[in-house]
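What follows is the residue order along each chain.
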Amino acid sequence: MTDAAHVPGGGPHDPALKRPTLDERRLRRRYAAERRFKAYGVAAIAIAMVALVWLLFSIVAQGYQAFVHTHIKLDVFFDAELLHPSGRNTPESLAGANYGAVYKKALRDRFGDVKKRRDRRSLYALLSQGAEDDLRDMVLADPSIVDTGQAVWLTASDHVDMLVKGKIERDRPERERPIKDRQLAWIDALMADDRVETRFNTRFFSSGASREPELAGVWGAIMGSIFTMMVTLLLSFPVGVGAAVYLEEFAPRNRWTDLIEVNINNLAAVPSIVFGLLGLAVILNFFGVPRSAPLAGGMVLALMTLPTIIIATRAALKAVPPSIREAALGIGASKLQVITHHVLPLALPGILTGTIIGMAQALGETAPLLMIGMVAFIVDIPTDPLSPATVLPVQIYLWSDMPERSFVEKTSAAIMILLAFLVVMNAVAIYLRRRFERRW
């Protein structure tokens, strides 16, 4: 019998026996391509997460200090001769009193060696102009403190605040920093006496726009956003849901409905600035809606949000099984009863989710509102949809253009607040979907 090892091509170690077939090579290449595709997907997610974390970290790192502000403690004497020199201790006279003279006298008493007018102006610059408002609020809340001495924490200027927070370098030459050497000495003296500290910045959440960084707040922009979103929701939700119900349940299938559907899908992709031009030409100029009012902004954003709500509502209506409609019709319900009693309640989670997502998109819009004048400098807090107002994204845009260093952290803090609103709205959308969603 011939040994198999000596038979040509028949040995157990013959390479021809280990050579993969064509199908095996193709299978290996397919598996390798699949592994590479998965690796690309994981890498894409990792890059996106790193970019997101870096973005959020940079915003928080620049903006968290806007939630606190530096205050200076002074021994203030509420001199009656300065507050009401006419002798009338009435609320009207106290409200119009010269409280700037009160805190300036307290500074002069604290630093008695300051005599020159130029040095006094530098000394007064340690405190913000908002110190007058702080003192006025104290006196109006308790008029009995007139002609008494009080230890009062007053708002520091933005330059002092930046210095205390480490944003202004002490070692730089005097001509290259806003805080002069003499002011540094006064601040160091106050810090040595524990008269300088950072406190929660309540003014940031209670005031409107201001040219002074330490007095600027987001409350005016928040109220403007609230009124604008109210108008947007009241206009876009019923119109969008009604249009979607008609197109999906009642409208005949012909070229006109096809044309309407195509236009609705195209409107969802139209740049937002086009809606701003439409609002400027029609809402302001034709209908005469007040400029810079949340009513005008809400009408423009409602037009922009309508396609999103219509598309989301139609998708939610299509997701309802046909058997629901057929069962309701089989027991004698009318077409309207089928829709209102059965289809709409089952489609409501998807409708609400699409509406909230559309509202979140509208909340972050800036371009259409710039066209209708909501970029105006508004100091007063809006009280109704017809009051002049701005919104959070526009306020962020305005602050980002300010030259003062303090507005950098104000801008980042406002972005954090806007992101918080968006996160809450998206969380509500997710909750509603999970709470009411039914799987068929």
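Residues numbered from 1 in each chain as written. Predicted model: local features only at pLDDT ≥ 70, side-chain atom pairs only at ≥ 80, totals over all residues. Heavy atoms only, no water.

## Regarding the overall build of the chain
And step 1. Across its full length, the chain carries 17 helices and three strands.
And step 2. Against the 2.2 N^0.38 benchmark of 22 Å for 440 residues, the chain shows a C-alpha radius of gyration of 34 Å, more extended than a compact globule.
And step 3. Taken across its 440 residues, the chain has 41% of its residues classed as buried.
And step 4. Split by element, the accessible area of the chain, about 24700 Å² in all, is 61% carbon and sulfur.
And step 5. The average position of the 49 basic charges and that of the 43 acidic charges among the side chains of the chain differ by 8 Å. (Helix = DSSP H or I, 4+ residues; strand = E, 2+ residues; numbered from the N terminus. Rg over C-alpha atoms; globule rule 2.2 N^0.38 Å. Buried < 20%, exposed > 50% of the residue type's maximum accessible area, 1.4 Å probe, protein only. Areas by Shrake-Rupley, 256 points an atom, 1.4 Å probe, with all protein chains shown as cover. Lys, Arg positive; Asp, Glu negative; His and termini not counted. Charge placed at Lys NZ, Arg CZ, Asp CG, Glu CD.)

## Points about the packing of helix α12 (residues 294-318) against helix α14 (residues 335-363)
And step 1. Interhelical geometry of α12 versus α14 gives an angle of 150° and a closest axis separation of 8 Å. Regarding the angle of α12 to α14, the classification is roughly antiparallel. Note that α12 runs across α14; the crossing there is right-handed. Only Val343, Leu344, Ala347, Gly350, Ile351, Gly354, Thr355, Gly358, Met359, Gln361 and Ala362 of α14 make contact with α12, whose side of the interface consists of Leu301, Met304, Thr305, Thr308, Ile309, Ala312, Thr313, Ala316 and Leu317. (Axes fitted to C-alpha atoms, helices over the stretch in contact; angles between N-to-C directions. Parallel < 35°, antiparallel > 145°, perpendicular 65-115°, else oblique. Left-handed = near helix turned anticlockwise from the far one by under 90°. Contact = heavy atoms within 4.5 Å.)

## Looking at the packing of helix α13 (residues 322-330) against α14
Describing two packed helices takes the angle between their axes plus the distance from one axis to the other.
And step 1. Where α13 contacts α14, the axes come no closer than 10 Å and their chain directions differ by 155°. One way to sum up the angle between α13 and α14 is to call them roughly antiparallel. In this structure, α13 meets α14 at a crossing whose hand is right-handed. Packed against α13, whose contacting residues are Ile324, Arg325, Ala328 and Leu329, the element α14 presents Val338, His342, Val343 and Leu346 at the interface.

## Regarding the sheet that holds strand β3 (residues 196-200)
And step 1. The antiparallel open sheet is built from three strands, whose spatial order is β2-β1-β3. The sheet is open, and its two edges are formed by β2 (149-155) and β3, each paired on a single side. Adjacent strand axes in the sheet meet at a mean angle of 40°, parallel and antiparallel pairs treated alike.
And step 2. In this sheet, β3 lies alongside strand β1 (residues 68-77) in antiparallel orientation, the contact comprising five bridges. (Pairing = 2+ DSSP bridges.)

## A word on the pattern of salt bridges
And step 1. Within this structure, the stated rule accounts for 19 salt bridges.
And step 2. Across the pair glutamate 34 and lysine 38 runs a salt bridge whose closest N-O atoms are separated by 3.7 Å. Here the residue glutamate 34 and the residue lysine 38 both occupy positions in helix α1 (residues 22-63), the gap between them amounting to four residues, near one helical turn.
And step 3. Take glutamate 34: its relative accessible area is 40%, and that puts it in the partly exposed class.
And step 4. Between arginine 172 and glutamate 176 there is a salt bridge, and its shortest N-O distance comes to 3.5 Å.
And step 5. On the basis of relative accessible area, glutamate 176 is assigned to the partly exposed category, the value being 40%. (Salt bridge = Lys/Arg side-chain N within 4 Å of Asp/Glu carboxyl O.)

## Structural notes on helix α8 (residues 181-192)
And step 1. Over its twelve residues, α8 extends 16 Å from the first C-alpha to the last, a length consistent with the 16 Å expected when each residue adds 1.5 Å.
And step 2. Of all the positions in α8, only Gln183, Leu184, Trp186, Ile187 and Leu190 are classed as buried. Down the axis of α8, the smallest arc covering the buried residues is 165°, so these residues share one side.
And step 3. Just downstream of α8, aspartate 194 is the residue with a positive phi angle, here 60°. (Expected span 1.5 Å × (residues − 1). Arc of directions from axis to C-beta.)

## Things to note about a positive patch on the surface
And step 1. Among the surface-exposed residues, Lys116, Arg117, Arg118, Arg121 and Lys180 lie close enough to one another that they form a single positively charged patch.
And step 2. By the secondary structure assignment, arginine 121 is in helix α5 (residues 117-124). (Patch = residues over 30% accessible without salt bridge, like charges linked within 9 Å, V, L, I, M, F, W, Y side chains within 5 Å.)

## Quick look at the environment of alanine 243
And step 1. The topology assignment puts alanine 243 in helix α9 (residues 219-250).
And step 2. Spatially, the C-alpha atoms of alanine 243 and tyrosine 431 are 26 Å apart, while their sequence positions differ by 188 residues.

## A look at the packing of aromatic side chains
And step 1. Applying the stated rule across the entire model yields eight aromatic pairs.
And step 2. Measuring from centroid to centroid gives 5.7 Å for phenylalanine 200 and phenylalanine 205, while their planes differ by 10°, and the two rings are stacked.
And step 3. A residue is classified by how much of its surface remains accessible, and phenylalanine 205, at 33% relative accessible area, is partly exposed.
And step 4. An aromatic cluster is present here, built from Phe67, Phe200, Phe204, Phe205, Trp399 and Phe407 joined pairwise through their rings.
And step 5. In this structure, arginine 110 packs its charged tip against the face of phenylalanine 111, placed 5.0 Å from the ring centre. (Phe/Tyr/Trp six-rings, centres within 6.5 Å; stacked < 30°, edge-to-face > 60°. Lys NZ or Arg CZ within 6 Å of the ring centre and 35° of its normal.)

## So, unusual backbone geometry
And step 1. One non-glycine residue, aspartate 147, lies in positive phi territory at about 70°.
And step 2. With respect to the helices, strands and loops of the structure, aspartate 147 is situated in the loop between α6 (130-141) and β2.
And step 3. Aspartate 147 sits in the partly exposed class, given a relative accessible area of 44%.
And step 4. We note that aspartate 194 has phi near 60°; this positive angle belongs to a residue other than glycine.
And step 5. Tracing the sequence through the fold places aspartate 194 in the loop between α8 and β3.
And step 6. We classify aspartate 194 as exposed; its relative accessible area is 61%.

## Let's talk about a nonpolar patch on the surface
And step 1. Where nonpolar side chains cluster on the molecular surface, the patch consists of Ile45, Met49, Leu52, Trp54, Leu55, Leu56 and Leu419 and spans about 690 Å² of accessible area.
And step 2. Sort the elements by how many residues they give to the nonpolar patch and α1 lands first, with six residues.
And step 3. Here isoleucine 45 is to be found in helix α1.
And step 4. The exposure class assigned to isoleucine 45 is exposed, which follows from its relative accessible area of 56%.

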